[in-house]
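The primary structure of each chain is shown beneath.
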Amino acid sequence: MDKIKIENLEIFAKHGVFPEENKLGQKFLVSADLYTDTRKAGNTDALDASIDYGEVCHFIETFMKEHTFSLIERIAERLAEELLLHIPGLEKVGLEVKKPWAPIGLPLESVSVEILRQWHTVYIALGSNMGDRKAYLDQAVRALDSLAKHPVKDDRGGVLLAGAVERVSGYYETPPYGMTEQEDFLNACLRLRTLLTPRELLDELHRIEQEAGRERVIHWGPRTLDLDIIFYDDLVLEAADLCIPHVEMHKRKFVLEPLCEIAPYLRHPVYKKTVQEMLESVS
């Protein structure tokens, strides 16, 4: 991606651990790397085809002055989220927040925090074989889409902002997998644009499942709602309770069929096959 740089924007604001910092205020320096596509602006010379860095500077200043945080880590995190949510065309942002007057009782040039945050594209598989299966899937789609409108709270009361559902496949009637003595499933896949990390997103999926009455009693058993992360960008992650891409997805027609409807040429980062190729191999 192309990059627009803002270096050392000087802002007087009231952030800090100590009460006098919140009352008297101090100087902060904010630098931003704005990742976007400048091709159209470069060809047309039109301001509205790019990101207006003057507008971004005023946005940063307003945010810094209207909020009060204890830590510069918190400033950087919340500011990155707000920029990604409100600046059209911004796909990724690198932020450095410097505190040149840090009250530590020793001479120093500055203390700073530097972070990189971006939008992520996630594919999620949905399934249900209890009760009103379509209603459960519809409810899950709405819940995931509403994360941007109703921000998630983290353990410390902070705000975690997500994105929105961009595309949903049709609903497919499929026989049960693993434990076959149960009702047929209704399955689907969707594409989600989000700012949540894989772990934060997994927690949200579990919450949505619980709200739908999901009980984890029998492995591969009946469930009102099942939500799985299939792909998260090109990430390859192996943890005790989370594997991305989903470890069995390349063998499961009930995942590949709806996924192929919305992303046939998406390539598996490990096996290097497209979704369409994987579907053909299991069909």
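Presented here is an overview of the structure given in this document. (Residues numbered from 1 in each chain as written. Predicted model: local features only at pLDDT ≥ 70, side-chain atom pairs only at ≥ 80, totals over all residues. Heavy atoms only, no water.)

## Things to note about the overall build of the protein chain
Check the secondary structure of the protein chain and you find eight helices and 13 strands. Sorting the 283 residues of the protein chain into buried and exposed places 46% on the buried side. Of all intrachain contacts in the protein chain linking residues separated by at least 6 positions in sequence, the fraction that spans at least 24 positions is 64%. (Helix = DSSP H or I, 4+ residues; strand = E, 2+ residues; numbered from the N terminus. Buried < 20%, exposed > 50% of the residue type's maximum accessible area, 1.4 Å probe, protein only. Contact = heavy atoms within 4.5 Å.)

## Brief notes about unusual backbone geometry
Here the amide bond leading from I244 into P245 is cis, since omega sits at -5°, within 30 degrees of zero. As for its position among the elements, P245 is in the loop between β13 (243-244) and α7 (253-262). The backbone of N8 sits at a positive phi, close to 55°, despite the residue not being glycine. Mapped onto the elements of the fold, N8 is located in strand β1 (residues 2-13).

## Focus: the nonpolar core
Grouped together as the largest cluster of nonpolar side chains are 32 residues, with contacts concentrated most on L34, I60, L83 and L95. Those elements giving two or more residues to this core turn out to be β1, β2 (26-36), α3 (53-66), α4 (72-86), β3 (92-99) and β4 (111-118). By residue number, the principal contributor to this core is α4, which donates seven residues. Apart from the residues lying within four places of it in its own chain, the contact partners of L34 are D2, K3, I4, I6, I51, V56, L90, K92 and V93. (Core = buried A, V, L, I, M, F, W, Y, C linked by side-chain atoms within 4.5 Å.)

## Brief notes about the pattern of salt bridges
Here the idea is simple: oppositely charged side chains can pair when their charged atoms come close. Inspection of every chain in the model, using the stated rule, returns 13 salt bridges. The partner of R199 in a salt bridge is D241, and the shortest N-O contact between them spans 2.8 Å. Highlighted residues: R199 in helix α6 (residues 198-211) and D241 in the loop between β12 (237-238) and β13, separated in sequence by 42 residues. Overall, the relative accessible area of 51% leaves D241 in the exposed class. Each of R78, E81 and E82 takes part in a single network of salt bridges with overlapping partners. (Salt bridge = Lys/Arg side-chain N within 4 Å of Asp/Glu carboxyl O.)

## Observations concerning the sheet that holds β1
Strand order in the open sheet made by the four strands is β1-β2-β3-β4, with antiparallel pairing throughout. Only two strands of the sheet have a single neighbouring strand rather than two, namely β1 and β4. Across the sheet, the mean angle from the axis of one strand to that of its neighbour is 15°, orientation sign disregarded. Pairing between β3 and β4: eight bridges, direction antiparallel. Its bridge partner lying in β4, L95 is registered against I115. (Pairing = 2+ DSSP bridges. Axes fitted to C-alpha atoms, helices over the stretch in contact; angles between N-to-C directions.)

## A closer look at the side chain of S31
Mapped onto the fold, S31 is located in strand β2. Within the structure, the side chain of S31 is placed 2.8 Å from the backbone nitrogen of N8, a separation counted as a polar contact. Ignoring anything within four residues of it in the chain, the contact list for S31 reads I6, E7, N8, G94, L95 and E96. (Polar contact = N/O pair within 3.5 Å; in protein donor to acceptor, adjacent residues only side chain to side chain.)

## A look at α6
The terminal C-alpha atoms of α6, which comprises 14 residues, lie 20 Å apart, in line with the 20 Å expected from a rise of 1.5 Å per residue. By the burial criterion, the buried members of α6 are P198, L201, L202, E204, L205, I208 and E209. One side of α6 carries all its buried residues, which in axial view fall inside an arc of 160°. When the buried face of α6 is taken as reference, the exposed residues oriented beyond 90 degrees from it are Q210 and E211. Immediately downstream of α6, the backbone of G213 shows phi near 85°, a positive value. (Expected span 1.5 Å × (residues − 1). Arc of directions from axis to C-beta.)

## Regarding the packing of α3 against α4
One way to put it is that α3 packs onto α4 with a least axis distance of 11 Å and a crossing angle of 135°. Taken together, α3 and α4 sit at an angle that is classed as oblique. In this structure, α3 crosses over α4, and the sense of that crossing is right-handed. Between α3 and α4, the residues in contact are V56, F59, I60, F63 and M64 and I75, R78, L79, E82, L83 and H86, respectively. (Parallel < 35°, antiparallel > 145°, perpendicular 65-115°, else oblique. Left-handed = near helix turned anticlockwise from the far one by under 90°.)

## Observations concerning the packing of helix α5 (residues 133-145) against α6
Each pair of packed helices gets described by two things: the angle between the helix axes and the distance between those axes. Between α5 and α6, the least distance of the axes is 10 Å, while the angle of their chain directions is 140°. Classified by the angle their axes make, α5 and α6 are oblique. Here the hand of the crossing between α5 and α6 comes out right-handed. Note on element contacts: α6 touches α5 through L205, I208 and E211, opposite Q139, A140, A143 and L144. Residues of the contact of α5 with α6, tallied by class, amount to five nonpolar, one polar and one charged. (Nonpolar A, V, L, I, M, F, W, Y, C, P; charged D, E, K, R; others polar.)

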